[in-house]
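Structural characterization, general
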Amino acid sequence: MNIQRIVSKVWLLPVLVAGIAIAGEHGGEAAEKGEVQKGREMIREARVEIVRAELHLTDAEAAVFWPIYATYREETDAIQDRYAAMIAEYIRRYDDAELSNEYADELIKTFLSIKYELLDVQKKYLPEFQAVLPSLKVARLFQLENKLNAEIDAQMALVVPLVDPT
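Everything in this summary refers to the structure shown in the same document. Because the structure is a prediction, the values reported are computed rather than measured.

**Digging into the side chain of R44**
Within the fold, R44 resides in helix 2 (residues 12-55). In terms of polar contacts, R44 uses its side chain to reach the side chain of E41, at 3.2 Å. Those residues in contact with R44 that sit more than four places away from it in its chain are Q37, D77 and D81.

Structure, rendered in C-alpha cells:
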C-alpha cells in the first residue's frame, strides 16, 4: 500500500459531515450520533491499516509498538472526538443562523485548545515510540499521522462552510 491510498481511505469524510447535517435536520440526534460513530470507526480502522502497511515493523518491533500505539490513539481519538463534536455544533449553528461573536470566540478557543492537546499527546508519546523503534520509523510514523490528519482536514475544508462575517 502506498500513501496515495490514504485518499481512498478518508474519502468518506465529506459524506460523513454532510450526513451529520442531514441527520440533524431529518433523523434527529440518535441518527446523527450513529452516522458519526460509524464514520469515525471507519477512519480509525483505515488509519491502523495504513500505519500497519506503511511502517514496515519487524515482528519484535510490532509486539512492543502496537500496545503503545493503541494507547496513543485512544488519547488522540478522544481529542479528535471533541473536534468532531465542535464541527457538528458549528454546522448546526451555521444552518440555524445562530452564529455570534461570542460563539466565534468560543469556537476559536476550542479549536486552538484541541490543536495544542493533540501536539501535547504527540510530544508525550515521542519518547515511548523512540524507546521501541528506530528513529527513522518513528519519523515515518509521525509523517503518516500528519498526512492522514492533513487529508482529513482537507476533506473537511471542502464541506464545512466558512463563517460569514457580515
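**Quick word on a nonpolar patch on the surface**
Taken together, the side chains of I108, F111, L112 and Y116 make up a nonpolar region of the molecular surface, amounting to roughly 400 Å² of accessible area. Judged by its relative accessible area of 38%, L112 is partly exposed.

**Some points on the pattern of salt bridges**
Under the defined criterion, the tally for this structure stands at 16 salt bridges. With a closest N to O distance of 3.0 Å, R44 and D77 form a salt bridge. On the criterion of sequence distance, the pair formed by R44 in helix 2 and D77 in helix 3 (residues 59-95) is long-range, its members being 33 residues apart. Here the two residues R44 and D77 agree in accessibility, since each one is buried. A salt bridge links K124 to E75; the nearest nitrogen and oxygen atoms lie 2.9 Å apart. In this pair, K124 is assigned in helix 4 (residues 101-132) and E75 in helix 3, connecting sequence segments 49 residues apart. Residue classification places E75 among the partly exposed positions, given a relative accessible area of 25%. A network of salt bridges, in which partner residues are shared, links E41, R44, R47, R73, D77, D81 and E145.

**Let's talk about unusual backbone geometry**
Residues other than glycine seldom take positive phi values, yet H56 does so here, at roughly 55°. Note on placement: H56 falls in the loop between helix 2 and helix 3. For A97, which is not a glycine, the phi torsion comes out positive at approximately 55°. As for its placement among the helices and strands, A97 is situated in the loop between helix 3 and helix 4.

Rules of the game
- Residues numbered from 1 in each chain as written.
- Predicted model: local features only at pLDDT ≥ 70, side-chain atom pairs only at ≥ 80, totals over all residues.
- Heavy atoms only, no water.
- Helix = DSSP H or I, 4+ residues; strand = E, 2+ residues; numbered from the N terminus.
- Polar contact = N/O pair within 3.5 Å; in protein donor to acceptor, adjacent residues only side chain to side chain.
- Contact = heavy atoms within 4.5 Å.
- Patch = residues over 30% accessible without salt bridge, like charges linked within 9 Å, V, L, I, M, F, W, Y side chains within 5 Å.
- Areas by Shrake-Rupley, 256 points an atom, 1.4 Å probe, with all protein chains shown as cover.
- Salt bridge = Lys/Arg side-chain N within 4 Å of Asp/Glu carboxyl O.
- Buried < 20%, exposed > 50% of the residue type's maximum accessible area, 1.4 Å probe, protein only.

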